Amino acid sequence: MNGVTEVFSTNYADARAKFLEAAAAAGLTVDTHLHPEAGRDGEMLAMDVVLDGPADARSVLIVSSACHGVEGYCGSGVQVRALRDAEWRAKAMAQGVAVLYIHALNPYGFSHIRRTTHENVDLNRNFHDFSQPLPVNEAYREIQPLLLPEEWPPTEANAAATGHYIQERGMDAYQAAITRGQHEFDKGLFFGGTAPTWSNQTLRQVLQTHAQFARRVAWIDIHTGLGPSGVGERICACRDDKEALARARAWWDNGGKTPVTSIYDGSSSSAFLTGLMWNSIYEECPDAEYTGIAMEYGTLPPFEMMQALRAEHWLNVHPEAPAALAAQIKQQMMDAFYVDTDDWKQQIITQARQSLFQAVDGLAS
């Protein structure tokens, strides 16, 4: 596993450069979709896509990063390492599986150290039929006034009220209320939007272009923030479908050593969520059998992660905040979603590589 740590980056421009260099070294063509806005340092932003395998492949494995912007610091490293891994590439080719790497689903959040898109939308809550009534998150409505106070850090009164809510309802209820997704407060946390975002529309174009011939599709979408530090929880990313869950568990469970959890049966560290990104597969690849997971790597305990999210959203609402406070909040956000240690990075790559091999075996079974 030589060269593990150097595949990771601490800014978007470097991460993108490494991805493009790895694709070029592998002799692969990059399909670039330019983002309408600039990065935090004025750099160009893009969703970069590489297909490693035949364009008409019947079996396609999608490996994606930065659905939640800042989480791309982890996911990009996984993608760069995979493109440089000759054994892995040979394995996929031998099994007849084309691998579709989608680098930076949300490049704006990646660059600006935000979880959301430039529209302040959580991309993984944005996949709805917007011609229909949107879900209502009454629990978030109740807690919204606490989450984004006028001052940051929060006053003692706000901290006490937040603590009281958690004591009365429990941390799981606090997490669920915040993270489920909401469409009422456009400056709030986990806002799912009221229309498809740029990233939503661009992802659909990518699927239409590169997965149109697929009859079996697997997807590993890389996330961070939930669970024990460095542990990759395999969360089934499919509809509430017993057959899809059974396939995911057959492929990725590893005899119970790496359990596949579900948001539908309460086994996951994630709460039940709405508007999830994998809905796009069913709509854009309707003839394909789909099996997917979100690979969720732990970083910090839930309360600390939520505090980082609250702080960063507060900063987005208060751009006039002092530079020192802004820098502190952005570092807090990075620390909540990317652990910059060699041990953590080694854990990430080892588990990701295992999941890639498992996915190819599953698609070929």
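As a starting point, this report considers the structure included with it. The shown structure was predicted, so the numbers you read here are calculated from the model rather than taken from an experiment.

**A closer look at the overall build of the protein chain**
Working step 1: Each helix and strand counted, the protein chain has 13 helices and eight strands in total.
Working step 2: Computed over the C-alpha atoms, the radius of gyration of the protein chain is 20 Å, within 12% of the 21 Å expected from 2.2 N^0.38 for a compact globule of 365 residues.
Working step 3: With the C-alpha coordinates aligned to their principal axes, the bounding extent of the protein chain is approximately 60 × 45 × 40 Å.
Working step 4: In the protein chain, which comprises 365 residues, the share counted as buried stands at 58%.
Working step 5: By element, 51% of the accessible surface of the protein chain is carried by carbon and sulfur atoms, the whole surface being about 14,600 Å².
Working step 6: Where the 28 positive side-chain charges of the protein chain centre and where its 45 negative ones centre are 5 Å apart.

**Side note on the nonpolar core**
When a protein is soluble and globular, its nonpolar side chains tend to lie buried together.
Working step 1: Counting residues in each nonpolar core, the largest one holds 120 residues, and the members touching the most others are L61, I62, W88, Y101, I102, I220 and Y290.
Working step 2: A total of nine residues in this core trace back to one element, the largest contributor, which is helix α13 (residues 342–364).
Working step 3: Residues within four places of I220 in sequence aside, it is in contact with L61, I62, V63, S64, W252, I293, M295, S355, L356 and A359.

**Thoughts on unusual backbone geometry**
Note on backbone geometry: most residues besides glycine have negative phi, and most peptide bonds are trans.
Working step 1: Looking along the chain, the bond that leaves W152 and enters P153 is cis, with omega of 0°.
Working step 2: Within the element layout of this structure, P153 appears in the loop between α5 (138–147) and α6 (156–169).
Working step 3: Positioned with a positive phi, A66 is a non-glycine residue whose angle comes to about 65°.
Working step 4: Mapped onto the elements of the fold, A66 is located in the loop between β3 (59–64) and α2 (72–84).
Working step 5: Under the relative-accessibility criterion, A66 is labelled buried at 0%.

**Here we look at the environment of M306**
Working step 1: In this fold, M306 is placed in helix α11 (residues 302–317).
Working step 2: Along the primary structure M306 and E284 are separated by 22 residues, whereas in three dimensions their C-alpha atoms are 33 Å apart.

What counts, and where the lines are drawn
- Residues numbered from 1 in each chain as written.
- Predicted model: local features only at pLDDT ≥ 70, side-chain atom pairs only at ≥ 80, totals over all residues.
- Heavy atoms only, no water.
- Helix = DSSP H or I, 4+ residues; strand = E, 2+ residues; numbered from the N terminus.
- Rg over C-alpha atoms; globule rule 2.2 N^0.38 Å.
- Buried < 20%, exposed > 50% of the residue type's maximum accessible area, 1.4 Å probe, protein only.
- Areas by Shrake-Rupley, 256 points an atom, 1.4 Å probe, with all protein chains shown as cover.
- Lys, Arg positive; Asp, Glu negative; His and termini not counted.
- Charge placed at Lys NZ, Arg CZ, Asp CG, Glu CD.
- Core = buried A, V, L, I, M, F, W, Y, C linked by side-chain atoms within 4.5 Å.
- Contact = heavy atoms within 4.5 Å.

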